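Coordinate analysis (summary)
For reference, the chains in residue letters:
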Amino acid sequence: MDYNERKKRAEIRRRRRKRQVLIGKVIIVLMLLLVIALSVILVKDVLIKRGIEIPWIGTGTERGQTEGPETAGGESEPPQTEAPVSTEAADTTEKWIAEADRMAAQYDYDGAIDHLKNSGSYAGNTQMEEAVAGYEATKETCIAYVPEEVTHVFYHTLIYDTSKAFDGDNKEGGYNQVMTTVSEFNKITQIMYDKGYVLVSLHDMCTVNEDGTVTGKNIYLPPDKKPFVLSQDDVSYYHYMEGDGMATKLVLDENGDVKNEYKNDDGSISIGNYDMIPLIDAFVEEHPDFSYHGRKGIIALTGYNGILGYRTDIAYKTGENLDSNQQSWLDENPDFDYEKECQEAQKVAEAMKANGWEFASHTWGHMNVGERSLEDLERDTTKWMNFVSPLIGGTDVIIFAFGTDIGSWEPYTTDNGKFNYLKSQGFDIYCNVDSSQYWVQFGNTFMRQGRRNLDGYRMYYQPELLADLFDVSDVWDSSRPTPVPPMG
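Residues numbered from 1 in each chain as written. Predicted model: local features only at pLDDT ≥ 70, side-chain atom pairs only at ≥ 80, totals over all residues. Heavy atoms only, no water.

**Overview of the overall build of the protein chain**
Secondary structure summary: the protein chain contains 16 helices and 16 strands in total. Counting the 488 residues in the protein chain, one finds 45% classified as buried. For the protein chain, the share of sequence-separated contacts (at least 6 apart) that also reach a separation of at least 24 residues comes to 67%. Counting every atom, the protein chain has about 25500 Å² of accessible surface; 51% of that belongs to carbon and sulfur. (Helix = DSSP H or I, 4+ residues; strand = E, 2+ residues; numbered from the N terminus. Buried < 20%, exposed > 50% of the residue type's maximum accessible area, 1.4 Å probe, protein only. Contact = heavy atoms within 4.5 Å. Areas by Shrake-Rupley, 256 points an atom, 1.4 Å probe, with all protein chains shown as cover.)

Here is the structure:
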């Protein structure tokens, strides 16, 4: 092979190697471009799912592309995205914890703990576990209040318009003695709340056992709180009070909440917070820690003018033994429907009980049980059992009218015929009136408690007896005539 032939073959091999190198470089470049393209696609997909838009990447809706399927009108629909499961779970957790927090705010720590543990989402839920730990820690700080250290305060119907109650007529003196104005009530409530007082029930102070025995029990609250019982007498809105600046009945509003009806001078009706029950409801709604386990107060009912402003006594149906006020009312209401009246009263009572209120007997005829005979008490109680008890679902509490009692300050015994009778009718808790800060007594089959009247008489003549609750000078309504007439 000559020189020229060898040179020619060498050149062919050189060109072949150059071409192979070039092809290799092209392949490498293509592979790099493919990797970059795949990376961009993956990053883009992640950003779209997270709702993040980067201008140089886009969101999958490039110019000329629709964002979703077109509607019949040619307009594109927005893309349908699903809410992240984690957000829904967070909302559910917050809801359960908010419900438990309110229970704990009302000192029901066990209820709050059970609420979360039974939620179905507790296991492994850090927020719920931390909430439960907080409830348990707060519960450990609570101290025991024995029932003998629980005070009990009470009111009569509140005066909304003092110009009508204190107008110089023959009822002014009585109103001034035994009633409290809405202004005074609201101030007292706020001051007692600020001092740490908390509403409890008579039934939080004792246990009524199946055999009829009654035993005391402690109430546990944080050390800066103090339990008290609240009651209100004569929530019947008697005929004689009409036109004197007080509510006329309790009703359910459009939301099912218990409110008062109030008659204006022009005859129109207003619905609102004109007496104790809706005022306390509103206060507890804003300050849930004013109530122990959702408790409100005890409402003591007579029956001779009906209950809660409804004319539910049988006399309104039969027309027999009516007094002049009852007769006048029936004459003014010719379309009166007795059965409907009872049904409406029962609806209000049920709504009240569902919202933490309780009921007590105040005797059917506002009887002075200390002065009347056992036979009179039996007749009166029969009427109360027939015409009041069925509407409220019964009660085991009796709050004596006039502040009297069926015995002395010594414990009731089986020698006391009135006690034996009332116990046989299902009464286990008995309340009188007493000026002491605390007066609670237990017998084998009963609990007694004295109540403190927060009215014009007590505030005017004995303000020092209320100093643990409030300073009278901070709440006194200047529209009251003075001096307040003495009792008797």
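There's plenty left to go through after this.
**Description of unusual backbone geometry**
Glycine aside, residues mostly have negative phi angles, and peptide bonds mostly take the trans form. A cis amide bond links Thr482 to the next residue, Pro483, at an omega of 0°. Among the structural elements, Pro483 can be located in the segment after α16 (472-475). Phi at Asp234 is positive, roughly 60°, even though this residue is not glycine. By the secondary structure assignment, Asp234 is in the loop between β7 (226-233) and β8 (249-252). The backbone of Phe402 shows a phi angle near 65°, a positive value even though the residue is not glycine. What makes Phe402 exposed here is its relative accessible area of 56%.

**Some remarks on the packing of aromatic side chains**
Enumeration according to the criterion identifies 27 aromatic pairs in this entry. Ring geometry for Tyr160 and Tyr274: centres 4.7 Å apart, planes at 75°, overall edge-to-face. A residue pair is termed long-range when its members are at least 10 positions apart, and Tyr160 in the loop between β2 (151-155) and α5 (162-165) and Tyr274 in the loop between β10 (269-272) and α8 (276-286) qualify at 114 residues. Overall, the relative accessible area of 40% leaves Tyr160 in the partly exposed class. Residue Tyr274 is classed as buried on the basis of its relative accessible area of 12%. On the numbers, 5.5 Å between centres and 75° between planes, the contact of Phe419 with Phe446 is edge-to-face. Note that Phe419 is positioned in helix α14 (residues 417-424) and Phe446 in strand β16 (residues 446-453), a separation of 27 residues in sequence. Each member of the pair, Phe419 together with Phe446, is buried. An aromatic cluster of at least three residues, connected via ring pairs, comprises Tyr193, Tyr197, Phe228, Phe283 and Phe290. (Phe/Tyr/Trp six-rings, centres within 6.5 Å; stacked < 30°, edge-to-face > 60°.)

**Examining helix α4 (residues 126-141)**
When the terminal C-alpha atoms of α4 are compared, their 23 Å separation across 16 residues agrees well with the 22 Å that a helix rising 1.5 Å per residue should span. Looking at α4, one finds that the buried residues are Met128, Ala131, Val132 and Tyr135. Projected onto a plane normal to the axis of α4, the buried residues spread over an arc of 100° and lie on a single side. Away from its buried face, by an angle of more than 90 degrees, α4 presents the exposed residues Glu130 and Glu140. (Expected span 1.5 Å × (residues − 1). Arc of directions from axis to C-beta.)

**Structural notes on the layout of surface pockets**
The computed volume of the largest pocket comes to approximately 650 Å³. Along the walls of the largest pocket sit 28 residues, with His156, Val178, Asp234, His366 and Phe402 positioned nearest its centre. When contributions to the lining of the largest pocket are tallied by element, the ones reaching two or more residues are α6 (172-178) and β16. Per-element tally for the lining of the largest pocket: the top contributor is α6, with four residues. For the lining of the largest pocket, a count of residues per class yields 13 nonpolar, nine polar and six charged. Size it by volume and the second largest pocket reaches roughly 420 Å³. Lining the second largest pocket we find 22 residues, and of these Lys249, Gly309, Trp329, Asn333 and Glu341 sit closest to its centre. Ranked by residue count, the leading element in the lining of the second largest pocket is helix α11 (residues 338-354), at three residues. When the residues that make up the lining of the second largest pocket are grouped by side-chain class, the tally is eight nonpolar, four polar and 10 charged. (1 Å grid on protein atoms, 1.4 Å probe; cavity = no way out; pocket = protein on both sides within 12 Å on 5 of 7 lines; lining within 4 Å. Points joined across faces, edges and corners; volume = space filled by probe spheres on them. Nonpolar A, V, L, I, M, F, W, Y, C, P; charged D, E, K, R; others polar.)

**Considerations on the sheet that holds β10**
By way of backbone hydrogen bonds, the strands of a sheet pair with one another, either parallel or antiparallel. Read across the open sheet, the three strands follow the order β8-β9-β10; overall the sheet is antiparallel. Across the chains shown, the open sheet's two edge strands, defined by having one partner strand only, are β8 and β10. On average, adjacent strands in this sheet sit at an angle of 40° to one another, irrespective of strand direction. Where β8 lies against strand β9 (residues 258-263), four bridges are found, and the strand directions are antiparallel. Across the sheet, residue Lys249 finds its bridge partner in β9, namely Glu261. Strands in contact with α8 are β8, β9 and β10; relative to β9, the strand with the most contacts, it is inclined by about 135°. (Pairing = 2+ DSSP bridges. Axes fitted to C-alpha atoms, helices over the stretch in contact; angles between N-to-C directions.)

**Some thoughts on the pairing of strand β14 (residues 429-433)**
For β14, a buried count of four out of five residues is recorded, marking the element as mostly surrounded by other parts of the structure. Sheet topology note: the strand β13 (residues 397-399)/β14 ladder contains three bridges and is parallel. Of the residues in β14, the one forming a bridge with Ile398 is Tyr430. Since β13 and β14 lie parallel, the crossover through α14 that links them has a hand, and here it is right-handed. In the sheet, β14 pairs with β16 via five bridges, with the strands oriented parallel. Looking at the pairing, Cys431 lines up with Gln449 of β16. (Right-handed = clockwise from strand over helix to strand, strands pointing away.)

Fair warning: the whole summary comes from geometry, so function is off the table for now.
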